[in-house]
Amino acid sequence: MKKELLIATTDINGKPIGLSWYNYLVRFGIGAGAVINILYSFAYLTGTIYASETNGQVTAEDVYAYYGSALQVMNIIYGLFLIGFGAFALIVREKLSNYEHDALKFIYTYFFLPVGVLFIYYVLEAIVISQFITLNAALSLILGLTMAFINIKYFKKRAHLFFDKTTIQRKSQTIAPITSIHQSLKKTTPFSPKNNIDNVGNYEIIETELTEGFIENARKIIKQQIAKVTNENDLVRKTDLMKLILGYVNREFTDAKGPKTDLIVCAYYQIAFDEIVKLCGDMNDLIFNYAVSKMSDTTNKDIHKYSQMLVKIQSIIDDAIITCKSHNSFHGHLKQLKTQVFNELNSYIDDATDWNKLSPKKESRIES
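Quick look at the structure, then. All values derive from a computational prediction rather than experimental measurement. (Residues numbered from 1 in each chain as written. Predicted model: local features only at pLDDT ≥ 70, side-chain atom pairs only at ≥ 80, totals over all residues. Heavy atoms only, no water.)

**Observations regarding the overall build of the chain**
Each helix and strand counted, the chain has 15 helices and two strands in total. Buried residues in the chain amount to 48% of all 368 residues. For the chain, the exposed area adds up to about 19,200 Å²; of that, 58% sits on carbon and sulfur atoms. (Helix = DSSP H or I, 4+ residues; strand = E, 2+ residues; numbered from the N terminus. Buried < 20%, exposed > 50% of the residue type's maximum accessible area, 1.4 Å probe, protein only. Areas by Shrake-Rupley, 256 points an atom, 1.4 Å probe, with all protein chains shown as cover.)

Pasting the structure below:
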């Protein structure tokens, strides 16, 4: 199922970034370009490109008679390329609109490939007609390269929007049945969906692997940062607060060096997640609603949507902590943790309930 296009997002450090250009490409730019390329291809396939450039004074027959059939073959090949590239553009648009994990590779190819092919075409044309590349041709190449590099810079800042969702989908499908959810409601320890999934609890791993008192000290740091951020910003959504707090974690702790650095960052993610979720609600209630909504058509679907997002984020953190436990170094997976969590936060569309508000009204557990 396709996601709605986002109007704005934040980077993995919590800084706001716009998505106007992304929305333009998905909604109009790439599709219109595909149509133009396919229409323009016929001018090369038929040779009418020369008539259009000279207002009908020179025909394809005149050009091919003078320069030979090699130029005609070049134009036919380039025309076929434009058709194929038009079809490729539609694939790129589809991947971008669905935030697929390989969309960036496709969008980079989309901007660089035509410049490379056009350069080859101009060089071969110059050889066939025994002339240097024209000024207009050189300017078009420079413009194409400039646009390509600008777009690479643009999309690199938004790379966290595109990631492999299959792991999360498999993970979310392993949520235990309702009996296990009821059992978790009786627990008094900080909630972790790992209590309902066949893996050891995250806090047990953190306590075992890190120094004594780490969790208590980290929780104090996160609480102080939450107080500071809420005092300095007019926030009403827990998801916005979570992005700012996790952005603080990314800035303050990911550059540290040491054998346990990766686990420390993951631990801060877990603690920050727990502290923000429980500010004005109960994760157990949310999980209860999530489980029940999968079994009933009468449950408020907005609650389901919000709790489902939190379950996915917790599952991402679960995977990260388990990986840290299994390996001495987390390496590139730490970036994956950040980008996946921020993707879930940024792609969540606010609902009609009070669950995501920092000062919610009292709601019943199940709405029917």
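Let's pick the thread back up.
**Details of helix α9 (residues 202–209)**
All of the buried residues along α9 are Asn-202, Tyr-203, Ile-205 and Ile-206. Along α9, the residues classed as buried sweep out an arc of 160° about the axis, all on the same side. For α9, the exposed residues set more than 90 degrees away from the buried face come down to Glu-207 and Thr-208. (Arc of directions from axis to C-beta.)

**Observations concerning the packing of aromatic side chains**
One pass over the structure, following the stated rule, counts 19 aromatic pairs. Here Tyr-66 and Tyr-67 contribute two aromatic rings whose centre-to-centre distance is 4.8 Å and whose plane-to-plane angle is 85°, an arrangement assigned as edge-to-face. Geometrically, the ring pair formed by Phe-88 and Phe-106 is stacked, given 5.7 Å between the ring centres and 20° between the ring planes. Here Phe-88 is found in helix α4 (residues 69–97), whereas its partner Phe-106 is found in helix α5 (residues 103–129), with 18 residues between them in sequence. Under the relative-accessibility criterion, Phe-88 is labelled buried at 18%. Phe-106 gets classed as partly exposed once you look at its relative accessible area, which sits at 23%. The rings of Tyr-40, Tyr-44, Tyr-78, Phe-81, Phe-85, Phe-88, Phe-106, Tyr-110, Phe-111, Tyr-121 and Tyr-122 are connected pair by pair, giving a single aromatic cluster. A cation over an aromatic ring shows up here: Lys-95 above the ring of Phe-106, its NZ or CZ 4.8 Å from the ring centre. The ring of Tyr-154 has Arg-158 lying over it, and the distance from NZ or CZ to the ring centre is 3.7 Å. (Phe/Tyr/Trp six-rings, centres within 6.5 Å; stacked < 30°, edge-to-face > 60°. Lys NZ or Arg CZ within 6 Å of the ring centre and 35° of its normal.)

**A look at the packing of α9 against helix α12 (residues 261–277)**
Running from N to C, α9 and α12 cross one another at 140°; their axes reach a closest spacing of 11 Å. For the element pair α9 / α12, the angle class is oblique. Crossing angle aside, the handedness with which α9 passes α12 is left-handed. Contacts from Asn-202, Tyr-203, Ile-206 and Glu-209 of α9 reach α12 at Leu-263, Ala-267, Gln-270, Ile-271 and Asp-274. When its residues are assigned to classes, the contact of α9 with α12 shows five nonpolar, two polar and two charged. (Axes fitted to C-alpha atoms, helices over the stretch in contact; angles between N-to-C directions. Parallel < 35°, antiparallel > 145°, perpendicular 65-115°, else oblique. Left-handed = near helix turned anticlockwise from the far one by under 90°. Contact = heavy atoms within 4.5 Å. Nonpolar A, V, L, I, M, F, W, Y, C, P; charged D, E, K, R; others polar.)

**Some thoughts on the layout of surface pockets**
Where empty space is left can be seen by rolling a probe of water-molecule size over the atoms. In this model, the largest pocket occupies a volume close to 1,300 Å³. Lining the largest pocket are 43 residues, and of these Tyr-40, Tyr-78, Leu-118, Tyr-122 and Ser-140 lie nearest its centre. Secondary structure elements with two or more residues in the lining of the largest pocket: α1 (20–46), α2 (49–53), α3 (60–67), α4, α5 and α6 (135–156). Per-element accounting of the lining of the largest pocket gives the leading share, twelve residues, to α1. A class-by-class count of the residues in the lining of the largest pocket yields 32 nonpolar, nine polar and two charged. (1 Å grid on protein atoms, 1.4 Å probe; cavity = no way out; pocket = protein on both sides within 12 Å on 5 of 7 lines; lining within 4 Å. Points joined across faces, edges and corners; volume = space filled by probe spheres on them.)

**What about the environment of Asn-23?**
Looking at where Asn-23 falls in the secondary structure, it is placed in helix α1. Classification of Asn-23 as buried rests on a relative accessible area of 8%. For the pair Asn-23 and Leu-96, spaced 73 residues apart in sequence, the C-alpha separation works out to 9.4 Å.

**Notes on the side chain of Arg-158**
Counting through the fold element by element, Arg-158 comes out in the loop between α6 and α7 (166–172). Assessed through its relative accessible area of 8%, Arg-158 is described here as buried. A distance of 2.7 Å separates a polar atom in the side chain of Arg-158 from the backbone oxygen of Tyr-154. Apart from residues lying up to four places away in sequence, Arg-158 is in contact with Ile-17, Gly-18 and Leu-19. (Polar contact = N/O pair within 3.5 Å; in protein donor to acceptor, adjacent residues only side chain to side chain.)

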